[in-house]
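These are the residues of each chain, in order.
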Amino acid sequence: MSERTLVVLSAGLRQPSSTRLLADQLAAAVADEAARRELTLRHRTIEVREHAHDVVNNLLTGFPSAALGQAVEQVTAADGLIAVSPIFGASYSGIFKSFLDVLDRDALAGKPVVIAATGGTARHSLALEHALRPLFSHVRAVVVPTGVFAAPEDWSDGGADGALRTRIRRAAAELAEQIVRYPGRTPTDPFALTTSFDDLLAPPAP
């Protein structure tokens, strides 16, 4: 079995949170779907709230902390991404957007992504299409067709109800299929020469 990496970006503000619960269920479903395709997934969950202060400092200074830098590298190098945000005021949370703002502009280009969200009412599910999907399309990510939204009534006895489980499984299958096709990223060497020594030492053209 080949091996790929999956990063789960969870932007819940509390612990425990329904955002993290949804993120974990999506990750488990994607791992199952990947196994069916003879693909082993190593996954890492990043809690955005743990990097909140570092994100703000990075935006102000242009330099990430060691912990934030590692999280950014993990997102950039991942073969697939699950992005889950709570919905506030009919859109994604500010800290969720700020984390994405510290990524390199090409970090998510071509990367398979599942978008998901939680909110206090089912009416907020529209934010998946009018806020989250345009956001990830703007950075040229490959967003799978099925977005997953969970309102309070979608959780039954601490787990997902039948309709939510169906949406999770459908989105997971779509992401696993895209990860299989994803060619991966070649890491860039910040110290690599973009111009040869011959060109650097060549006399100027007359």
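With an unreviewed UniProt entry as reference, the protein chain is termed NADPH-dependent FMN reductase, source organism Micromonospora rosaria.

Turning to the pairing of strand β1 (residues 2-10), a few remarks are in order. Taken across its nine residues, β1 has seven buried, putting it largely inside the fold. Here β1 runs beside strand β2 (residues 39-47); their pairing, made up of nine bridges, is parallel. The residue of β2 that forms the bridge with T5 is R42. For the crossover from β1 across helix α1 (residues 18-36) to β2, the handedness is right-handed. When β1 meets strand β3 (residues 80-88), the two strands line up parallel, connected through five bridges. Note on β3: the bridge partner recorded for V8 is I82.

Looking now at the pattern of salt bridges. Pairs may arise between side chains of opposite charge once their charged atoms sit close together. Tallied over the entire structure, the rule returns 13 salt bridges. For R169, the salt bridge goes to E33, with nearest N and O atoms at 3.3 Å. Separated by 136 residues along the polypeptide, R169 in helix α6 (residues 162-181) and E33 in helix α1 bring together distant segments of the chain. The shortest N-O distance in the salt bridge between R37 and E177 comes to 2.9 Å. Residue R37 is found in the loop between α1 and β2, and its partner E177 is found in helix α6; the two are separated by 140 residues along the sequence. A network of salt bridges, in which partner residues are shared, links D32, E33, R36, R37, R169, E177 and R181.

The rules behind each value
- For every chain, the first residue of its written sequence is number 1, and the numbers climb from 1 along that sequence.
- The model is predicted, so local features are restricted to residues of pLDDT at least 70 and side-chain atom pairs to those at 80 or more, both for listing and for counting; the totals for chains, interfaces and linings are taken over all residues.
- As a rule here, side-chain values come from all non-hydrogen atoms in the structure, and water together with hydrogens is ignored.
- Each residue is assigned to one of three classes by its accessible area relative to the maximum for its type, calculated with a 1.4 Å probe on protein chains only: buried under 20%, partly exposed between the two thresholds, exposed over 50%.
- Numbering goes from the N terminus for both helices and strands, where a helix is a DSSP run of H or I of at least four residues and a strand is a run of E of at least two.
- Two strands qualify as a pair provided that DSSP identifies no fewer than 2 bridges between them.
- When the strands point away from the viewer, a crossover counts as right-handed if the path from the first strand over the helix to the second runs clockwise.
- Any carboxyl oxygen of Asp or Glu within 4 Å of a side-chain nitrogen of Lys or Arg constitutes a salt bridge here.

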